Amino acid sequence: MSSLTNKQIVLGVTGGIAAYKSAEIIRRLQDRGATVRVVMTRAAQEFITPLTMQALSGNPVHVDLLDTEAEMGMGHIELARWADLIIVAPASANFIARLASGRSDDLLGAICLATQAPIAIAPAMNQGMWHNQSTQENLTTLQERGVVQFGPAAGSQACGDVGLGRMLEPGEIVELAAKQFQSGLLAGKRVVITAGPTREPLDPVRYLSNHSSGKMGYAVAEAAMEAGARVLLITGPTNLRPPERVEVKQVTTAEEMYQASLAALDDCDVFIASAAVADYRPRQAAEQKLKKGTQETMTIELVKNPDIVSAVAAASPKPFTVGFSAETEKLLEHARDKLQRKGLDLIVANDVSDTSIGFNSEDNAATLIWAEGESALTKRSKRQLARDLTGHIAGMLAGR
Ligand code: C5P
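Residues numbered from 1 in each chain as written. Predicted model: local features only at pLDDT ≥ 70, side-chain atom pairs only at ≥ 80, totals over all residues. Heavy atoms only, no water.

**Quick word on the overall build of the protein chain**
Here's step 1: A count of helical and extended segments in the protein chain gives 14 helices and 19 strands.
Here's step 2: Structurally, the protein chain occupies a C-alpha span of about 85 × 50 × 40 Å along its principal axes.
Here's step 3: In the protein chain, which comprises 400 residues, the share counted as buried stands at 50%.
Here's step 4: Intrachain contacts of the protein chain at a sequence separation of at least 6 include 67% that bridge at least 24 residues.
Here's step 5: Carbon and sulfur atoms make up 49% of the accessible area of the protein chain, which totals about 19000 Å².
Here's step 6: Where the 40 positive side-chain charges of the protein chain centre and where its 45 negative ones centre are 3 Å apart. (Helix = DSSP H or I, 4+ residues; strand = E, 2+ residues; numbered from the N terminus. Buried < 20%, exposed > 50% of the residue type's maximum accessible area, 1.4 Å probe, protein only. Contact = heavy atoms within 4.5 Å. Areas by Shrake-Rupley, 256 points an atom, 1.4 Å probe, with all protein chains shown as cover. Lys, Arg positive; Asp, Glu negative; His and termini not counted. Charge placed at Lys NZ, Arg CZ, Asp CG, Glu CD.)

What follows is the structure, encoded as structure tokens:
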């Protein structure tokens, strides 16, 4: 499987003769399993039509910053959040200058400013423009800000010059894009993740459960896999397709999740508890379907489920243990208390009173809290948050 499978890529196309090669980049990204949305600058449309790019990508092409229809569907902020990676190919000297100065007066500039996703540029220009001091200084600025540079190559140019400034070939750009998802930060590590809700049976047809979608845990599993870890995902019932190359153990009840987690500790460097585990279960699950009686009320006795993450953190040897804390008030205080009480190395604190993030949404915001510090991760896609979380865990492991 390619590391581009299921990746969401914004392909920015700026004005340059190499723009015709962007069509081939779309095809090759799609061949590797990525979904592509194309954003074109005005100048790019002089070289290749949006219609061509739309037909190839299978998605509408985005061109205008202020397009009321787009703003209701996929506006610049949505695109910025949607992207796992932004590739600008070709990136003209003009675009590079605009990106370096943080301009947001066109759609591509605004997306690049708003995104949390990595940005890669594939420069394409005349060799004189490439060597110009302004261009070189702009590139240095961008590199310092973490913008990745693909190429350029040297060779004969459309204008007749020979030298540096040719855009890399589409195949090379796509190879380099794939490498962006293989960080190797968790190479050789075994990461065990719990995800989703649990179901606690009342009788053969009824259960107690919660609204957890499992999206966050699945995103963490994918991010850990991308970072090179061997991943075991212990999941309650969800509607999600588990990420490729992740080992999956399906469970239903908290007790099953507990047993599966303890059994995984033989081979576990990092344990991440993202599951929304039911705190209590009915003392007894009836063997037959409970019948409606004449009584107006009904009492079900509940008993406490084991706390999985606490048990893992108490194990010896103890894996690096990460918990989640969903709170509606006093977020940081409650989360820090849980960090200590459960013996965790790191806790991800979520404010679930904000309904635009959390349980069932695509986005999330969180504060990472550990004994000596904390770090706020502002609202971003769950996939991006998962990557930032695994990056943070890798950093803490390296510092041990
Ligand atoms: O105590 P609370 O449920 O708020 O703690 C949340 C954290 O503890 C999450 O990481 C969750 O996965 C974990 N947990 C657990 N087993 C339980 C309850 C919570 O692992 N029975």
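Back to the text.
**Here's the deal with the sheet that holds strand S1 (residues 8-13)**
Here's step 1: Ordered by their spatial adjacency, five strands build an open sheet running S2-S1-S3-S4-S5, and the pairing between neighbours is parallel. Of all the strands in the sheet, just strand S2 (35-40) and strand S5 (148-149) have a single pairing partner and so form its edges.
Here's step 2: When S1 meets strand S3 (residues 85-91), the two strands line up parallel, connected through four bridges. The partner of Ile9 across the bridge, within S3, is Leu85. (Pairing = 2+ DSSP bridges.)

**Quick word on helix H5 (residues 93-100)**
Here's step 1: Extensive coverage of H5 is indicated by the burial of six of its eight residues.
Here's step 2: If you check which residues of H5 are buried, you get Ala93, Phe95, Ile96, Arg98, Leu99 and Ala100.
Here's step 3: Residues of H5 that are buried sit in contact with S3, helix H6 (107-114), strand S4 (119-123), helix H7 (127-131) and helix H8 (133-144).
Here's step 4: In the stretch just after H5, Gly102 is the one whose phi turns positive, near 70°.

**What about helix H14 (residues 382-398)?**
Here's step 1: Counted at 1.5 Å a residue, the expected span for H14 with its 17 residues is 24 Å, and the 24 Å between its end C-alpha atoms agrees.
Here's step 2: Taken as a whole, H14 has its buried residues at Lys382, Arg383, Gln384, Leu385, Ala386, Arg387, Leu389, Thr390, Ile393, Ala394 and Leu397. (Expected span 1.5 Å × (residues − 1).)

**Notes on the domain arrangement of the protein chain**
Here's step 1: The domain boundaries assigned to the protein chain delineate domain 1 (8-179) and domain 2 (190-398).
Here's step 2: Here the C-alpha centre of domain 2 lies 38 Å away from the C-alpha centre of domain 1.
Here's step 3: Opposite the six residues of domain 1 that make contact, domain 2 presents eight residues.
Here's step 4: Contact with domain 2 buries surface across domain 1, with Arg81, Asp84 and Gln116 losing the most and accounting together for 87% of the total.
Here's step 5: Its salt-bridge partner being Arg387, residue Asp84 comes within 3.6 Å of it at the nearest N-O pair.
Here's step 6: Among the residues making up the side of domain 1 that touches domain 2, the classes are represented as two nonpolar, two polar and two charged. (Domains from an automatic or database assignment. Buried area = accessible area lost by both parts, 1.4 Å probe. Salt bridge = Lys/Arg side-chain N within 4 Å of Asp/Glu carboxyl O. Nonpolar A, V, L, I, M, F, W, Y, C, P; charged D, E, K, R; others polar.)

**Focus: the side chain of Thr135**
Here's step 1: Within the fold, Thr135 resides in helix H8.
Here's step 2: Of the residues examined, Thr135 reaches a relative accessible area of 7% and is grouped as buried.
Here's step 3: Excluding residues that lie within four positions of it along the chain, Thr135 makes contacts with Ala93, Met125, Met129 and Trp130.

**Regarding the environment of Tyr258**
Here's step 1: Mapped onto the elements of the fold, Tyr258 is located in helix H11 (residues 254-263).
Here's step 2: Counting along the chain gives 49 residues from Tyr258 to Asp307, while the straight-line C-alpha distance between them is 7.9 Å.
Here's step 3: Among all residues touching Tyr258, those that are not within four sequence positions of it are Pro306, Ile308 and Ala311.

**Comments concerning the packing of helix H1 (residues 22-31) against helix H2 (residues 50-57)**
Packed helix pairs are characterised by how far apart their axes lie and by the angle those axes make with each other.
Here's step 1: Put simply, H1 and H2 touch, their axes get as near as 9 Å, and they point 10° apart. Accordingly, the angle class assigned to the pair H1 and H2 is roughly parallel. Packed against H1, whose contacting residues are Ser22, Ala23, Ile26, Arg27 and Gln30, the element H2 presents Met53, Leu56 and Ser57 at the interface.
Here's step 2: A breakdown of the residues in the contact of H1 with H2 according to their chemical character gives four nonpolar, three polar and one charged. (Axes fitted to C-alpha atoms, helices over the stretch in contact; angles between N-to-C directions. Parallel < 35°, antiparallel > 145°, perpendicular 65-115°, else oblique.)

**Quick notes on the site of the ligand**
Here's step 1: Around the ligand sit Ala273, Ala275, Val277, Asp279, Pro306, Asp307, Ile308, Val309, Gly323, Phe324, Lys338 and Lys342, and that is every residue in its neighbourhood.
Here's step 2: Residue Lys338 places a side-chain N or O atom 2.5 Å away from an oxygen atom belonging to the ligand.
Here's step 3: Bound to the protein, the ligand loses 85% of the 460 Å² it would expose on its own.
Here's step 4: Looking at the shell around the ligand, the elements that each hand over two or more residues are helix H12 (308-313) and strand S16 (320-327).
Here's step 5: Residues that form the shell around the ligand fall into these classes: seven nonpolar, one polar and four charged. (Near = heavy atom within 4 Å. Polar contact = N/O pair within 3.5 Å; in protein donor to acceptor, adjacent residues only side chain to side chain.)

**Some thoughts on the packing of aromatic side chains**
Two numbers describe a pair of aromatic rings. These are the distance of the centres and the angle of the planes.
Here's step 1: Throughout the structure, instances matching the rule amount to zero aromatic pairs.
Here's step 2: The ring of Phe181 has Lys7 sitting right over it, with the charged end atom 5.1 Å from the ring centre.
Here's step 3: Sitting above the plane of the Trp82 ring, Arg37 keeps its charged end 5.6 Å from the centroid. (Phe/Tyr/Trp six-rings, centres within 6.5 Å; stacked < 30°, edge-to-face > 60°. Lys NZ or Arg CZ within 6 Å of the ring centre and 35° of its normal.)

**Some remarks on the nonpolar core**
Here's step 1: Of all hydrophobic cores here, the largest spans 34 residues; its most connected members are Ile272 and Ile393.
Here's step 2: Among the elements of the structure, strand S8 (190-195), helix H10 (215-226), strand S11 (230-235), strand S13 (270-273), S16, strand S17 (346-351), strand S18 (363-370) and H14 are those that each provide at least two residues to this core.
Here's step 3: If one sorts the elements of this core by residue count, H10 sits on top with eight residues.
Here's step 4: Ile25, Ile26, Leu85 and Ala122 belong to the second-largest nonpolar core, a separate cluster that totals 33 residues. (Core = buried A, V, L, I, M, F, W, Y, C linked by side-chain atoms within 4.5 Å.)

**A few points about the sheet that holds S11**
Adjacent strands of a sheet pair through backbone hydrogen bonds, lying either parallel or antiparallel.
Here's step 1: An order of S12-S11-S8-S13-S16-S17-S18-S19 is seen for the eight strands of this open sheet, with the pairing classed as mixed. The open sheet has two edge strands, strand S12 (247-250) and strand S19 (373-381), and neither has a second partner. On average, each strand axis in the sheet is inclined to that of its neighbour by 20°, with strand direction left out of account.
Here's step 2: Relative to S12, S11 runs parallel, the two sharing four bridges. Opposite Leu233, over in S12, you have Val248 as the bridge partner.
Here's step 3: Helix H13 (residues 331-341) contacts S16, S17, S18 and S19 of the sheet and is inclined by roughly 150° relative to S17.

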